[in-house]
Every structure is written in structure tokens, then in C-alpha cells.
Number of protein chains: 2
Amino acid sequence: MNSSLDSLSYFLQADQIKTDPKECLFYGKDWTSYFDIQAQAVVFPHSTEEIQKLVLWARQHKIGLVPSGGRTGLSSGACATQNEIIVSMERLSHIINFNALDQTLLCQAGVTTERVQEAASKKGFFFPIDFAAKGSSHLGGNVATNAGGLRVLRYGTTRQWVCGLKVVTGRGDLLNLNKGLVKNATGPDLMSHFIGSEGIFGFVTEVEVKLCLPPSSTQILLCALEDLDSLMECYQKFKNNFTLQAFEFFSDNALEKVLQNKNQKSPFSKKYPYYFLIEVESPTKEPQEELLTLFESCLHLSLIKDGLLAENSDQQKLFWSYREQISESLSPYFPYKNDISVRVSQVPAFLKAMEQTLKQSYKDWTVVWFGHLGDGNLHLNILRPHHLSKEEFFQCCRQIDPLVFHTVKQFQGAISAEHGVGLTKKPFLHLSRSPEELHIFRAMKSYYDPDGILNPGKVV
Amino acid sequence: MNSSLDSLSYFLQADQIKTDPKECLFYGKDWTSYFDIQAQAVVFPHSTEEIQKLVLWARQHKIGLVPSGGRTGLSSGACATQNEIIVSMERLSHIINFNALDQTLLCQAGVTTERVQEAASKKGFFFPIDFAAKGSSHLGGNVATNAGGLRVLRYGTTRQWVCGLKVVTGRGDLLNLNKGLVKNATGPDLMSHFIGSEGIFGFVTEVEVKLCLPPSSTQILLCALEDLDSLMECYQKFKNNFTLQAFEFFSDNALEKVLQNKNQKSPFSKKYPYYFLIEVESPTKEPQEELLTLFESCLHLSLIKDGLLAENSDQQKLFWSYREQISESLSPYFPYKNDISVRVSQVPAFLKAMEQTLKQSYKDWTVVWFGHLGDGNLHLNILRPHHLSKEEFFQCCRQIDPLVFHTVKQFQGAISAEHGVGLTKKPFLHLSRSPEELHIFRAMKSYYDPDGILNPGKVV
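What this report covers is the structure whose coordinates are included nearby. These numbers come from a predicted model, not from an experiment. (Residues numbered from 1 in each chain as written. Chains lettered and ligands numbered in written order. Predicted model: local features only at pLDDT ≥ 70, side-chain atom pairs only at ≥ 80, totals over all residues. Heavy atoms only, no water.)

Thoughts on the overall build of chain A
Thought 1: Tallying secondary structure elements over chain A gives 15 helices and 16 strands in all.
Thought 2: Relative to the 2.2 N^0.38 estimate, which gives 23 Å for 460 residues, the radius of gyration of chain A is 23 Å and therefore close to what a compact globule would have.
Thought 3: In terms of overall dimensions, chain A has a C-alpha envelope of 75 × 60 × 45 Å along the principal axes.
Thought 4: Taking all contacts inside chain A whose residues are at least 6 apart in sequence as the whole, residues at least 24 apart take part in 74%.
Thought 5: If you sum the accessible surface of chain A, you get close to 18000 Å²; carbon and sulfur atoms cover 48% of it.
Thought 6: Each charge class in chain A was averaged separately, 46 positive and 49 negative side chains, and the resulting centres sit 3 Å apart. (Helix = DSSP H or I, 4+ residues; strand = E, 2+ residues; numbered from the N terminus. Rg over C-alpha atoms; globule rule 2.2 N^0.38 Å. Contact = heavy atoms within 4.5 Å. Areas by Shrake-Rupley, 256 points an atom, 1.4 Å probe, with all protein chains shown as cover. Lys, Arg positive; Asp, Glu negative; His and termini not counted. Charge placed at Lys NZ, Arg CZ, Asp CG, Glu CD.)

What follows is the structure, given as C-alpha cells:
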């Protein structure tokens, strides 16, 4: 342990400091593997006060701090690469209070998303932020990335569910923001400075989230169709008439890979280029007549070529699995992956432009599209062609990034829809944010983190 | 016209500049009348570009600019008091685009709230921000104050309905923020810097708002009860079981004044200290069995002493009028008014503390409470005692402000729930915001408005 690290023991116990390189690698890395992990230690604070001391200590010693939550990020936003000290939030894992009248839950930042959901559920409520990594991801990480997930169409992103934040800024100031108020017209909201800022301005140490009533029962419809224009017409018709929990779409090669992986048959008698799955809120467990009527009218108009309404909860799960297991089923192909968004109305034009661009350079590559259509959030996946080694493919992919992001810029979209900027998308941030916006980000960084000790090198 | 004003004609037409003191008074004043209006001119820009030129001109000449929207504010946030130039947004009144697929409406900032509602409605959609001043208030003003209103419990404040903002900052930079995206994980949201910032950082020139499906039909229940604890128990029971559009409460003297003013009889056979009105979403026009069951169980538990379910839309309007006409019915008494908020769960304790505090100093004064209980938003009204002249009462009221706001601080509430800070609450902002938060506001002000030309003297 070097001499600066020694002085950590003034406010942390021995078991709160680990310097073993294996531990550093474990805590200093998210789900990506593009960068070499370099860290001098991992520390495990127990309280907001300890984090405040840590920040003041880091300012004094000019040592970088990297927040480490559930480490499920996909943009290297929580990777330690500059010999920083990793600050694990895993011991800040208490659910502090449930307030029945306010319908809120106050948690330390290291509580997992799933524990928040479970605690809400035990009290008869619902926490709607939900995604595959919920078992590991921390609430603090959800705030840092403004996590979205499966039900954004219905419930919005994390931003909408936060009513109080405790933050230690890079100055070492403790901010106790909004304190659970519903209405607060005392100047602009400051919680938003930290939501989605990926830990570059402060450590979120406590989060108070709003809860809601559990959703009523839902109906799930899986439809097959010929083209993107029909997809958008169907989207409009269903969205204008029902409360949708989700409107997901995927291309045929996505479904094919899932069925191969699960060794299952297609639910449809033939292949179609695109499919969509919608989850519709329904006050009763019986299929609503209106839903069937609209479905039939779409069939009649030939917008939908074939379709299935899930008849029971097992079938609901099966239909969802076609969408949810795409990522897993593609992983043996070591695909190039990207997560971007455009306005919902721009999705078809964007997809067409993108396919044309890719065809020019990579004619025989397999492009798989899927995503949260209702959020304009598209997941682009390109499978590794057999004739390329992993390394060759990885090199090619580096050339695809600019193609994708320049097309995103052309459509005024976001180069990251929900995964964040981190290290991986930082070189392209200027394609989604104007010079004036980047200047604001830098001014915020200078203000909140004058010594540049917080998550150095990330985002801006 | 002085010589600086002359140079305005380089980019504005003669009919866009008025210096008549009557016009200045008309455009430079909101609904308050605490401050003397002092302005040198009113200008009427037609476009974002003209506003940008105006800001650059004002920086050059070091002249303050005060944004003027629908002028329905209640905190003197849009009052010109330092010989500024008033910038009326009333000619920026075009609805630019309706996007059916995105379910959004793009408007210039000077479109009234009511026109946004009507435009949404014509397309089969709903814009849920709603309050009494909707006919005059501008969408840009709604953004500047993060307007709430009648349906916050169900739909949130303006913040939640904005998906794109065009802003000219006090630096003269044009920001085109978020551009209608649903998901955007490219750094922290910057729209929030301008939402609720009362025009001290920039001019909002265009707003893109999200629309939603119109609500299903609603049931309205008006109940009488004995005490605040029962009120909170009822709130919890109804909120936990139904989707509420509103949960409003008022004291008996509020109802009394409305009935006197309208020359009507009470809907109840006797008087009770408190009443509440709830609007419950209901999939059918028939009263839901569950609603009646819960109502009866509350009667049985003696939480509710008497209650009425509106039987038709006329009765719904009548019941709402008891709540909506309170302000108007109190106005002949020239009441002291305040708009504050605490956590919902703190409402009873706060009301008790406040009543005790007021009783100590103003034993025989009539205190009228009403508000959006479901938002923790309380409107305190104190009627002028007969023995005091208007001036004497006004002097007394200046001593009430600190009493109210110190109690708000004690309960960690907001000294302004929805009216904003403006000039009237600026001296008390430190009671709702910490020194660190005020420091951030000032840093933002220095960044966005280095010459201090935007809405000078407001908020911070």
C-alpha cells in the first residue's frame, strides 16, 4: 500500500480497503471488455459521511475515484483505467424507509433494482423500472445512467421515479435534493444534474423513489408483417387506442436465432420479415373486444399478415421470450452491438438509411435489428461473418461505429439510447450534442469536480 | 427613444418596439401588484433568431431583458422593475407541427395553454397540464415555472410533458435540446436547467410537448370529515386502491365563502371541519362497485362523516366548483395568500404547527386552508380582520411570511409549491435551499447569463 493509501485508514477500517489486483479487476469493470483495468485499490464505504471524507481525501491527494455499482453497464462508464481508487457501493445496501402515505421508498444507492421491486411489491406497490440486469444493477447506477428498460413506453425512465437524492459532489459538498416533495417551485431541479451523468459530478448515496399501483392485467399480441411502413401504421393504431406497456419489434433473423437456440418451432406457419410484440393494459383478464377488433381490422387491411394473442400466462412468457432472448441467442456470434435512438416517427427512414449504408461496405454481413420501437430505441446487431477472425471482425467494427453514429446525427438521434456514454461512446458524443451543449457539460464538470477526481475521462 | 433603443431598429420593425408607459405597465407586470413597474420599452420578436439578436444586443448595451408571457404569474417573476426592456412572447404564437406517430405537438413559446389543449383535443389527444389561468398563460411560461395545476397527482408537472426545448441563453447561444427523443443517454438532460428557472438562464422560444390519450370517464366523490388524521387515512385508502386524478381538500370556512358568494346551500345537512373531493378514473360511466364499497367502509369506520357521489356531469361540475371557486370567493376579503408544499405525509403535522403558530400572534384571524392534498400543496389564506385597514393588514402580512416559511423549513418543505420564487419569495429561498444549492444556482446564472441581463434580480 502506498503512503497516500495509508491515510485512508484514518476514516476507513482495514476490511474496507482492498488492494488485491483480482478484487480491483472484479470491482473496476462493467460488462464491457474493451479497456484494460488499472486501479490501485477498492474501498467499501458504509455511509454518505464516509464517501464525503473519501472525496475530500481524494481532492487532497489528487487521486481519481471510480464509482462501482452493480457493474452491469455496457459503455465502460464504471471501468477504472487510470489507476484510480474504485469506490464500491455494495455496502450501502440498506432500504432505509418505506413511506406508506407518500408511496415512496428511501434506499441507499447500493440496493439492487430487484430488491427495490421486491420491497415495493411486499407493500402492495410497484416499482416499474425493469430490465434483464435487475438482479445485479444498483439503484444508484440506475440513477447514474437514467436507466430505462422494458416499460419506458408506459412508465418513463428512472428520472420519472426519483423524488429525492442525496449526493456527494466532487467538491465534497453534500446535497440533499428535493426531499420527497411532489411540487417544488423553488428554482430549477438539481436532481437532474446527477441523473444520467454517469458519476462525473458526484456520488449518489441515497435515492428516494416513488412507487405506483401494480398494473392491471395485460394482453400480449404477437404479430408478423411484411414491411416497416406497416409496422409504423400498426404502432400508431394500437398506441392511439390502448394503454401500451410495451411495443417491441424484431427482424426475422432475430427470431430465427432465438428458435435455433431454444430448439423450438416458429409460432407462425411461415416466415415474415418483421414481427412485433405488444403488451396492452386490460382491466379484465379476458381479451378485450376492442383489441381483437383492431387486430382483425389490421389483418383485413393486410398491415398484419398473421398474429397470435397469448391465451394464458405461459404463452405470454413464451411470446416475451422471443424478444427477451435475442441478445443471449446472438452472443455465440460475438456480434457488433449498438444501442441508439431516434424519434419514433423516424424509425423506418433511419432503418432504411442504415441498411443501405451497411450494404455498401459490408454486403454479405448479417444485420439483426430489434428494439423498443415505442421509444425509438433500436438495438443494431451485426453477426461475425465466418470468414473473419474475431480480431479481424473487431477491427471492422471500429469502422462501423462512425457510419452508425453519423447516420444517427443525420436523423437528430442519440448515439446512446439507454446504455450511456462512458468511455466507449465519448469520441462520438459531439454527433448527438452541439458544441454549446458540450461546453455546458464541461462547465458543470469544472464546477462540481474542480480537481477532476470523479470518474476521470468518462463522458466529456 | 434613447440612443441604445434606436439601434434595435437594425433588426426589429417599428411595430415591434413600443415605449408607451401604458404598454410597459401592461406587458411588464404579472397578476401581483407588490412592485412598481419600471421599463423602457416592450419589444415583440417574431422568431427565435430575433430573440438571439436581441440578447446579443442587450449584452452589448448591458440592458436587462424581462420575459413577458401570459403574465398570470403570482410571484412577480415576470415584472419589470429595473428599467429593463420587456420581451413579449405574444407574437411567437404558432403551433408549428403535430406529429401523429410521436404523439407530440411543437409550439412556439407564446401559444396559450388552452390552445395547446385544444390542438391536442382536435387530434384525439390530451394535454394534461391544466389550471385556471390556461386561457392566458403561455406554454413558455408553463416551462419557466414548471407549471402544475389540477392534475399533478395523475400526470405530474410540465417537466414530465416536455420532450424538446429551443432556448436562447443569456450568452446568446441557441440550444436545441433533446429534439423529441424518448430515450437519450448522451449525458445529463439540459432541458431541466430551463424548466422552472423563471427565465433567469435563457428564453424558451419553442417547446415540443408530449400528448397522451384522453382520460377515461371519472367518478367524483365529495366527503365531509371531522379531523386531519381521518383525512390522511382516507387519502391513503383511496390512493392505494384507485387511479386518482385529484385529491383536493378544503376547510369549512372555504366552503362557506363559496356558498355565500354563489348564494347556494351546502350539499351537506350540517357543517364539518374539513371536506375532500376526489376524482377517480373509472373504465365505465357507472359508479364502480369497489369505489362505493370503500366509501361505505370509511363511513362505517367513521373516517368519513357524510359523502356524496356525483350522479351526473352537472353534479360533477357543481362539486368541483366548491373547490375551484374558493380563490375567487375569498378575493373580496383581500386575503393574505401563500402557496407552499411539504411531503404529503407531513401535511397534518404541518397544518397543526402552522395553526398553532398563527394563533399565538393572530388569535382572532380567520385562516382558510385548501389545496391539492395529493401533492402536499397547501394554499394558506388569511382573511383581513374588519378592524384592520388594507394597509395595516398588508403590514401585518409581511410579518406572517417569515412565520410561514420558517415552519416550512422545519418540515423540509418548499416555500413555493407551484407559483415560483420570482421577486416575492427570493428573500426566503434559503429556507428551502441549502447554501450549496444556492451556490449552484449562482454558478449556473454566471455561466448562462454572464452579463446578468436576463430577468435581473429574480430568484437568486
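Observations concerning the interface of chain A and chain B
Interfaces are often sized by the amount of accessible area the parts lose when they come together.
Thought 1: In this complex, chain A contributes 76 residues to the contact, which on the side of chain B involves 76 residues.
Thought 2: Surface buried jointly by chain A and chain B totals about 6200 Å² across both partners, of which 56% is contributed by carbon and sulfur atoms.
Thought 3: Contact with chain B buries surface across chain A, with A:L101, A:K183 and A:R343 losing the most and accounting together for 14% of the total.
Thought 4: At the junction of chain A with chain B, the criterion picks out eight salt bridges.
Thought 5: Measuring nitrogen to oxygen at the nearest pair gives 2.8 Å for the salt bridge that ties A:D102 to B:R343.
Thought 6: Seen at the junction of chain A and chain B, the total is 40 residue pairs in polar contact (both at pLDDT 80 or more).
Thought 7: Looking at the side of chain A that touches chain B residue by residue, the class counts come to 31 nonpolar, 29 polar and 16 charged. (Buried area = accessible area lost by both parts, 1.4 Å probe. Salt bridge = Lys/Arg side-chain N within 4 Å of Asp/Glu carboxyl O. Polar contact = N/O pair within 3.5 Å; in protein donor to acceptor, adjacent residues only side chain to side chain. Nonpolar A, V, L, I, M, F, W, Y, C, P; charged D, E, K, R; others polar.)

A short note on the side chain of A:Q117
All names here are of chain A.
Thought 1: Mapping Q117 onto the fold places it in helix 4 (residues 113–122).
Thought 2: What makes Q117 buried here is its relative accessible area of 15%.
Thought 3: Side-chain polar atoms of Q117 contact the backbone oxygen of I129, separated by 2.9 Å.
Thought 4: Side chain to side chain, Q117 and D130 meet in a polar contact 3.0 Å long.
Thought 5: Those residues in contact with Q117 that sit more than four places away from it in its chain are F127, I129, D130 and K134. (Buried < 20%, exposed > 50% of the residue type's maximum accessible area, 1.4 Å probe, protein only.)

Topic: unusual backbone geometry
Thought 1: The phi dihedral of A:N178 is positive, around 70°, even though this residue is not glycine.
Thought 2: Examined against the element boundaries, A:N178 turns out to sit in the loop between strand 8 (174–177) and helix 7 (191–194).
Thought 3: Its identity as a non-glycine residue notwithstanding, B:Q412 has a phi of 55°, on the positive side.
Thought 4: Here B:Q412 lies in the loop between helix 14 (390–410) and helix 15 (435–448).

Comments concerning the environment of A:A58
Thought 1: Here A:A58 is to be found in helix 3 (residues 48–61).
Thought 2: Leave out the neighbours within four places in its chain, and A:A58 touches A:I63, A:L65 and A:I453.

Some thoughts on empty space enclosed by the protein
Thought 1: With the rule as written, the count across this model stands at three cavities of 30 Å³ or more.
Thought 2: Estimates place the volume of the largest cavity at around 80 Å³.
Thought 3: In terms of lining, the largest cavity is formed by A:N176, A:N178, A:K179, A:L181, A:N184, A:T186, B:Q412, B:G413, B:A414, B:S432, B:R433 and B:E437.
Thought 4: Here the lining of the largest cavity is built from residues that sort into two nonpolar, seven polar and three charged.
Thought 5: The wall of the second largest cavity is formed by A:Q412, A:G413, A:S432, A:R433, A:E437, B:N176, B:L177, B:N178, B:K179, B:L181, B:N184 and B:T186.
Thought 6: Of the residues belonging to the lining of the second largest cavity, the class tally is two nonpolar, seven polar and three charged. (1 Å grid on protein atoms, 1.4 Å probe; cavity = no way out; pocket = protein on both sides within 12 Å on 5 of 7 lines; lining within 4 Å. Points joined across faces, edges and corners; volume = space filled by probe spheres on them.)

A short note on helix 13 (residues 347–361) of chain B
Thought 1: The end-to-end C-alpha separation of helix 13 of chain B is 22 Å, in line with the 21 Å expected for 15 residues at 1.5 Å each.
Thought 2: Buried residues along helix 13 of chain B sit in contact with helix 8 (228–241), strand 11 (244–251), strand 14 (336–341), strand 15 (366–372), strand 16 (377–383) and helix 14 of chain B. (Expected span 1.5 Å × (residues − 1).)

Description of the sheet that holds strand 2 (residues 39–43) of chain B
In a beta sheet, neighbouring strands pair by backbone hydrogen bonds and run either parallel or antiparallel.
Residues and elements named next belong to chain B.
Thought 1: Pairing is mixed across the open sheet formed by four strands, whose spatial order is 1-2-4-3. Among the strands making up the open sheet, the edge pair consists of strand 1 (17–18) and strand 3 (65–68).
Thought 2: Note: strand 3 against strand 4 (residues 84–88), four bridges, orientation parallel. Within strand 4, the position partnered with L65 by the bridge is I85.
Thought 3: Sitting on the sheet, helix 3 (residues 48–61) is in contact with strand 2, strand 3 and strand 4, with an inclination near 150° to strand 3. (Pairing = 2+ DSSP bridges. Axes fitted to C-alpha atoms, helices over the stretch in contact; angles between N-to-C directions.)

With respect to helix 3 of chain B
Residue and element names in this part refer to chain B.
Thought 1: With 14 residues, helix 3 extends 20 Å between its outermost C-alpha atoms, agreeing within 8% with the 20 Å of an ideal straight helix rising 1.5 Å per residue.
Thought 2: Every buried residue of helix 3 is accounted for by T48, E50, I51, L54, V55, W57 and A58.
Thought 3: Downstream of helix 3 by a residue or two, K62 has a phi angle that is positive, lying close to 55°.

Let's talk about the packing of aromatic side chains
Thought 1: In total, this model carries 44 aromatic pairs over all chains according to the counting rule given.
Thought 2: Ring geometry for A:F268 against A:Y272: centres 6.3 Å apart, planes inclined by 85°, an arrangement best described as edge-to-face. Comparing A:F268 with A:Y272 shows no difference in burial state: the two are buried.
Thought 3: Judged by centre distance (5.4 Å) and plane angle (15°), the ring pair of B:F268 and B:Y275 falls under stacked.
Thought 4: By relative accessible area, which is 5% here, B:F268 ends up buried.
Thought 5: The rings of A:Y235, A:F238, A:F242, A:F247 and A:F276 are connected pair by pair, giving a single aromatic cluster.
Thought 6: The ring of B:Y155 is capped by B:R154, whose NZ or CZ atom sits 4.7 Å from the centre of that ring.
Thought 7: Over the face of the ring belonging to B:Y333 we find B:K257, whose NZ or CZ atom lies 5.1 Å from the ring centre. (Phe/Tyr/Trp six-rings, centres within 6.5 Å; stacked < 30°, edge-to-face > 60°. Lys NZ or Arg CZ within 6 Å of the ring centre and 35° of its normal.)

Observations regarding the relation of the copies chain A and chain B
Thought 1: Placing chain A over chain B gives an RMSD of 0.0 Å and needs a rotation angle of 180°, together with 0.0 Å of translation along the axis. In symmetry terms, the pair is related by a two-fold rotation axis. In terms of proximity to the rotation axis, the leading residue of chain A is A:S192, whose C-alpha is 3.3 Å off the axis.
Thought 2: Most of the interface of chain A is mirrored in chain B, where 100% of its interface residues again form contacts. (Least-squares fit on C-alpha atoms with pLDDT ≥ 70 in both.)

Regarding the pairing of strand 16 of chain B
Residues and elements named next belong to chain B.
Thought 1: In terms of residue burial, strand 16 counts as a mostly covered element, since seven of its seven residues are buried.
Thought 2: Burial along strand 16 is two-sided: N377, H379, N381 and L383 facing one way and L378, L380 and I382 facing the other are all buried.
Thought 3: Note: strand 14 against strand 16, six bridges, orientation antiparallel. Paired with D339 across the strands is H379, a residue of strand 16.
Thought 4: When strand 15 meets strand 16, the two strands line up antiparallel, connected through seven bridges. Within strand 16, the residue paired with F370 across the bridge is H379.
Thought 5: The antiparallel hairpin formed by strand 15 and strand 16 contains four residues in its connecting segment, where G376 sits at a positive phi of about 65°.

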